[in-house]
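Summary of the model geometry
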Amino acid sequence: MQYGRILVVEDEPNVSELVALYLSREGFEVRVVEDGEMALEEFATWHPDLIVLDLLLPRIDGWEVCRRIRARSHTPIIMLTARTDDLDRILGLEMGADDYVSKPFNPRELVARVRAVLRRSKGASSTGSQAVIRLPELEIDRERRSVHVAGQEVRLTPKEFDLLWLLASNPGRAFNRQELLEHVWGFDFFGNDRTIDVHVKRLRRKLEPQDHPYRYIHTVWGVGYRFEAVPAEDDD
Ligand code: CA
């Protein structure tokens, strides 16, 4: 089973349906939008892990969508180019696309590219493509492995830090406990859900003391946990 949300931006239904079918068969969660404006909206609210982006789109074209997403995010983008045009390809990669697939394409090839790009981007983020997360009352520095709450340094254990980084670098995304175990402790760790709950409890105590105005780690009932900075009154 794969995990990940894929946003498919494509105005030709026969192409997008095929792509969505193949990707969801692989276990990805897929959403399809048909123009550039909807792509930007969906990107901002749904937080996909990867975007499959056609170039020729109504309203806002694929180049512009790519440029605007790159201005604020490292989310991987695979471009669908209509021609086997080297210029399209080079421009796309210069705009920050991670890979491209020329139409017509074999959906299996696209699935393979999606997997490869996701694998690469996970590797890149673990060597620090984003180094510091800054919120009004919380700062997390990946290089220094330091955490400040309202300007005061808070000491975390290595696992607490890794868990916090994973959640905070994917705001709005719900992780189940198994995913968290696999990401933070590794596949061969014989832990259980209780391990995660204990660590989350400790993190909350350190990051969200009684009088602190923000709440960060939210329980998603029946699933696991999700990171978001919201006022503390708005409890789960
Ligand atoms: Ca198109």
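Above this note sits the structure.
So, here's what we can say about the structure. Computed from a prediction, not measured in an experiment: that's the story for all the values here.

Our next topic: the overall build of the protein chain. Broken down by element type, the protein chain carries 8 helices and 12 strands. Among the 236 residues that make up the protein chain, the fraction classed as buried is 44%. Across the protein chain, contacts joining residues at least 24 apart in sequence account for 52% of those joining residues at least 6 apart. Carbon and sulfur atoms make up 49% of the accessible area of the protein chain, which totals about 12800 Å².

The pairing of strand 1 (residues 5-9) with strand 2 (residues 29-33) spans 5 bridges and is parallel. Bridge pairing links leucine 7 to arginine 31 in strand 2. Running through helix 1 (residues 13-25), the crossover from strand 1 to the neighbouring parallel element strand 2 is right-handed.

Spatial strand order, 2-1-3-4-5: 5 strands in an open sheet with parallel pairing. Of all the strands in the sheet, the pair left with one neighbour each is strand 2 and strand 5 (99-102). Here the strands of the sheet are splayed against their neighbours by 20 degrees on average, with no regard to which way each runs. Set on the sheet, helix 3 (residues 62-70) makes contact with strand 3 (50-54) and strand 4 (77-81); between it and strand 4 the angle comes to about 170 degrees.

Cut-off values and rules
- Residues numbered from 1 in each chain as written.
- Predicted model: local features only at pLDDT ≥ 70, side-chain atom pairs only at ≥ 80, totals over all residues.
- Heavy atoms only, no water.
- Helix = DSSP H or I, 4+ residues; strand = E, 2+ residues; numbered from the N terminus.
- Buried < 20%, exposed > 50% of the residue type's maximum accessible area, 1.4 Å probe, protein only.
- Contact = heavy atoms within 4.5 Å.
- Areas by Shrake-Rupley, 256 points an atom, 1.4 Å probe, with all protein chains shown as cover.
- Pairing = 2+ DSSP bridges.
- Right-handed = clockwise from strand over helix to strand, strands pointing away.
- Axes fitted to C-alpha atoms, helices over the stretch in contact; angles between N-to-C directions.

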